[in-house]
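Here's the letter readout for the chains.
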Amino acid sequence: MWDAIIITPFINVILFIYSIVGKNFGIAIILFTILIRLITHPLMVKQIKGAQGMQNMQQDEEWKKVQEKYKGDKEKLAQEQMKYYKEKGINPFASCLPTLIQFPIIIALYQSIIAALAATPVEVLNLVRHVYADFLDVSNLIPLNSQFLWMDLGQPERLNLPFLSFGIPVLAILVVISTYVQSKLIQPPSQNPKDQTAMMGNMMNIYMPFFMGYLALTLASGLSLYFLVSNLLGIAQYAMLGKVNWRNLLPGTKPNKPVAVSTKRKK
Amino acid sequence: MFVMLTLSLSACSGMLNASGWPGISGDENSVYVAYANQVYALRLKDGSLNWRYPEKVEAARTYYANPAINGLNVIVGDYKNTLSALNIQSGTVTWTFEGATNRYIGGALVVGDTILAPNADHNLYALDLNGNLKWKFTAKHALWSTPIVHEDVVYLSSMDHYLYAINIKSGQLIWELDMEGAIVYSPSFDTDTIFVATLANEVVAVNALNGAIIWKNKSEVGLWSQPVYDNGVVYYGDTAGKIFAVSAINGNAIWDYMMGEMVSGAPAVMPDGVVFAGENGKLIALDFNGNILWTRSITGKLYTGPVIVDGLLVLGISQGEEVIKAYDFNGNEIWKFTPEK
């Protein structure tokens, strides 16, 4: 079911792109990632707006007073919270629903890239079974050209220079840097330095780039390329929406506070 | 979301692991099996383990290429770019060849004093019996199948759609032929004719002397099997499960049989018939007129046909309870082998 509805169409689209860009799998991965990001962009906008609304609520003096007033009565606080949502026009699911919809799409993107990078006979057999025979010509597509710049996209990437006895994992380094930069740039502001969410976010900002870097170091470089492009597009999308705090990149700088709290009363 | 995504990605990363089917070869004493992280030497009489290599597995190093045998050594390539010669008695490493830059998917072949080792880095490496490079031939894309040799000519099929004829002494190209489809399996040979199945869904007979096409049979569905020649007849099967016996001279149909599941790998020719393997575990023996001799059902996937080793049909199984099962020519199970975990 998952294969038939999601993975197979994705594979056919990526192979179609591959066939029209001169059989360059690297370009196909980049274009396919851009395409999926564009399709899911409206969902991302909704998610960011929803998250912003919830963030603004936490900083709203009116809500703080309500929290203080009913701190001993959880049931009443919950009722007041629902009332507040209604008054301010906040949908508490506005941030998580688009995320839930995006999530399987991103997983499918990842899985379809893996499937399309078939580098062994069993993988090619599986790939052939996913291709719509009326849409794409298997005999013309296979073998897939997995060379992109200096990389074999089906293998972990290393750049070998004549004066070095070891290969440099350029993509893995770029994935670490871009993951770190992205997480810092989109890190939400927190007024309370002891806020557990903020502390967890800071921890993730440190560990996640290394984890992604490890994956990029050991997995096929086609996936590393996807990680890198995805990170760069994520930064670009946040920047277009004005949600990037470039100052967060400066050492010792705490995440920016929001410029203004703009929760309008529903009339 | 990022955490969830990352965890999912790491969980999915198993999909990237090299995957294949057991590579099998043997002699009058032993069966040699390359599968997953180890190479096994099994006693032919009962399938018991003689030795395995390496003793301590290395997660990223996997073996699927058919081992080659030269009397002293078992020569096997791995998915980490290394070709190893293992002492046939003890399984200890005699030498290694590290000159390739990609996986060994197709098995090596020993001809006289030359080892021919195809690699996914597009090169066919010719080594002497000590593992020293004699020459290499570069194809246009990955080499996944074992070459065949006849009278000092190497016939090499490639994923690049080409069939090559190469001089075994010098590595020089004699002729090449565009088959219009990638070739996963090895060719088969009869006097002066080569038979090849391609991913363009064709079985093609080629003149071995000059590379001219003699005949080609187009299949309506995919072909994931190796055509095998015997006594004037070429046997192969398609992904819809149909088995074909065609004339080696002109490709005309002699008989066909509907097996019902994808026919995988090369059929094995016995004294009184031919055995075909189906992807979903069906093993069927037909006589030379297409009548059923016997069938067996195996738990697991069969991506390769049975290999005949000194009167036994040795079957490699993927995703099953056992990795190897051995049958006599009447379909009686003689022994089975499951590696220790």
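The structure this text deals with has already been given above.
Residues numbered from 1 in each chain as written. Chains lettered and ligands numbered in written order. Predicted model: local features only at pLDDT ≥ 70, side-chain atom pairs only at ≥ 80, totals over all residues. Heavy atoms only, no water.

Chemist: I'd love a proper account of the overall build of chain A, names of residues and values included.
Modeler: Within chain A, the regular secondary structure consists of eleven helices and four strands. Scored against the burial criterion, the 267 residues of chain A give a buried share of 45%. For chain A, long-range pairs separated by at least 24 residues make up 72% of all intrachain contacts whose partners lie at least 6 apart in sequence. For chain A, the accessible area works out to roughly 14,500 Å², and carbon and sulfur atoms hold 64% of it. (Helix = DSSP H or I, 4+ residues; strand = E, 2+ residues; numbered from the N terminus. Buried < 20%, exposed > 50% of the residue type's maximum accessible area, 1.4 Å probe, protein only. Contact = heavy atoms within 4.5 Å. Areas by Shrake-Rupley, 256 points an atom, 1.4 Å probe, with all protein chains shown as cover.)

Chemist: Describe the overall build of chain B, and please don't skip the residues or the numbers.
Modeler: Along chain B, the regular secondary structure elements total one helix and 32 strands. For 341 residues, the compact-globule formula gives about 20 Å, and the C-alpha radius of gyration of chain B, at 20 Å, lands near that figure. Burial statistics for chain B: of 341 residues in total, 61% are counted as buried. Long-range contacts, defined here as pairs at least 24 residues apart, represent 37% of the contacts in chain B between residues at least 6 apart. Total accessible area on chain B is roughly 13,200 Å²; 47% of this is exposed by carbon and sulfur atoms. (Rg over C-alpha atoms; globule rule 2.2 N^0.38 Å.)

Chemist: Could you give me a rundown of the environment of B:Thr101, with the residues and numbers involved?
Modeler: Along the chain, the position of B:Thr101 falls in the loop between strand E8 (93–97) and strand E9 (109–111). Separated by 68 residues in the primary sequence, B:Thr101 and B:Val33 place their C-alpha atoms 23 Å from one another.

Chemist: Help me get a handle on the packing of helix H3 (residues 41–59) of chain A against helix H11 (residues 221–240) of chain A, residues and values and all.
Modeler: Residue and element names in this part refer to chain A. It is the contact of H3 with H11, at a shortest axis distance of 11 Å, that shows an interaxial angle of 60 degrees. When the interaxial angle is binned, H3 and H11 end up oblique. With respect to the hand of their crossing, H3 and H11 are arranged in right-handed fashion. Residues His41, Met44, Gln47 and Ile48 of H3 touch H11, and the partners they reach there are Gly234, Gln237, Tyr238 and Met240. Broken down by class, the residue content of the contact of H3 with H11 amounts to four nonpolar, four polar and no charged. (Axes fitted to C-alpha atoms, helices over the stretch in contact; angles between N-to-C directions. Parallel < 35°, antiparallel > 145°, perpendicular 65-115°, else oblique. Left-handed = near helix turned anticlockwise from the far one by under 90°. Nonpolar A, V, L, I, M, F, W, Y, C, P; charged D, E, K, R; others polar.)

Chemist: Could you give an account of unusual backbone geometry, with specific residues and numbers?
Modeler: Backbone torsion omega between A:Ile142 and A:Pro143 reads 15 degrees, so that peptide bond is classified as cis. Mapped onto the elements of the fold, A:Pro143 is located in the loop between helix H8 (138–141) and strand E1 (147–148). Look at the link from B:Tyr53 to B:Pro54: it is a cis peptide, with omega at -10 degrees. Within the secondary structure layout, B:Pro54 lies in the loop between strand E4 (49–53) and strand E5 (68–69). Of note, A:Lys23 is a non-glycine position whose phi angle comes to about 55 degrees, a positive value. For A:Lys23, a relative accessible area of 27% translates into the label partly exposed. For B:His122, which is not glycine, the phi dihedral falls at a positive 85 degrees. Assignment of secondary structure puts B:His122 in the loop between strand E10 (114–118) and strand E11 (123–127). Overall, the relative accessible area of 25% leaves B:His122 in the partly exposed class.

Chemist: Tell me about the sheet that holds strand E30 (residues 312–316) of chain B, residues and numbers included.
Modeler: Residue and element names in this part refer to chain B. Strand order in this open sheet of four strands is E29-E30-E31-E32, and the pairing throughout is antiparallel. Edge positions in the sheet fall to strand E29 (307–309) and strand E32 (333–337), since each has one partner strand and no second. For this sheet, the mean angle separating the axes of adjacent strands, direction not counted, is 25 degrees. Relative to E30, E29 is paired through three bridges, and the arrangement is antiparallel. Residue Ile308 lies in a different strand from E30, and its bridge partner there is Leu313. (Pairing = 2+ DSSP bridges.)

Chemist: Give a detailed account of helix H7 (residues 121–130) of chain A, specifying residues and quantitative values.
Modeler: Where burial is concerned, most of H7(A) is hidden: seven out of the ten residues are buried. All buried positions along H7(A) are accounted for by A:Pro121, A:Val122, A:Glu123, A:Val124, A:Leu125, A:Leu127 and A:His130.

Chemist: An account of the pattern of salt bridges is needed here, citing residue identities and associated values.
Modeler: Residues and elements named next belong to chain B. Per the stated rule, a full pass over the model turns up 15 salt bridges over all chains. For the salt bridge of Lys216 with Glu180, the shortest nitrogen-to-oxygen distance reads 3.8 Å. On the criterion of sequence distance, the pair formed by Lys216 in strand E20 (residues 213–218) and Glu180 in the loop between strand E16 (173–178) and strand E17 (188–190) is long-range, its members being 36 residues apart. (Salt bridge = Lys/Arg side-chain N within 4 Å of Asp/Glu carboxyl O.)

Chemist: An account of the sheet that holds E9(B) is requested, with residue identities and associated values reported.
Modeler: Residue and element names in this part refer to chain B. Strand order across the open sheet formed by four strands is E9-E10-E11-E12, with antiparallel pairing between neighbours. The open sheet has two edge strands, E9 and strand E12 (133–138), and neither has a second partner. With direction set aside, neighbouring strand axes in the sheet form an average angle of 20 degrees. Where E11 meets E12, five bridges bridge the pair, whose relative direction is antiparallel. Its bridge partner being in E12, Ala126 is matched across the sheet by Trp135.

Chemist: Before we move on, can you summarise helix H1 (residues 2–20) of chain A with the specific residues and values?
Modeler: Residues separated by three or four positions in an α-helix point in the same direction, a consequence of the helix having 3.6 residues per turn. Here H1(A) is 19 residues long and its end C-alpha atoms lie 26 Å apart, about the 27 Å a rise of 1.5 Å per residue gives. Listing the buried residues of H1(A) in full gives A:Ile7, A:Thr8, A:Phe10, A:Ile11, A:Asn12, A:Ile14, A:Leu15, A:Ile17 and A:Tyr18. (Expected span 1.5 Å × (residues − 1).)

Chemist: Could you give an account of empty space enclosed by the protein, naming the residues involved and the relevant values?
Modeler: Residues and elements named next belong to chain A. Under the definition given, this model contains two cavities of 30 Å³ or more. As a volume, the largest cavity reaches approximately 60 Å³. Lining the largest cavity are Thr33, Ile36, Arg37, Thr40, Ile106, Leu109, Tyr226 and Ser230. When residues of the lining of the largest cavity are traced back to their parent elements, those giving at least two are helix H2 (25–39), helix H6 (96–116) and H11. (1 Å grid on protein atoms, 1.4 Å probe; cavity = no way out; pocket = protein on both sides within 12 Å on 5 of 7 lines; lining within 4 Å. Points joined across faces, edges and corners; volume = space filled by probe spheres on them.)

Chemist: Hey, could you go over the side chain of B:Asp287 for me, with residue numbers and the actual values?
Modeler: Residue and element names in this part refer to chain B. Tracing the backbone shows Asp287 in the loop between strand E27 (282–286) and strand E28 (292–297). Within the buried set, Asp287 has no salt-bridge partner at all; the shortest N-O distance to an opposite charge, 15 Å, is to Arg296. Within polar-contact distance, the side chain of Asp287 engages the backbone nitrogen of Asn289 at 2.8 Å. Once you skip the residues sitting within four places of it in the chain, Asp287 turns out to touch Trp255, Asp272, Gly273 and Leu293. (Lys, Arg positive; Asp, Glu negative; His and termini not counted. Polar contact = N/O pair within 3.5 Å; in protein donor to acceptor, adjacent residues only side chain to side chain.)

These figures come from the coordinates and say nothing about function on their own.
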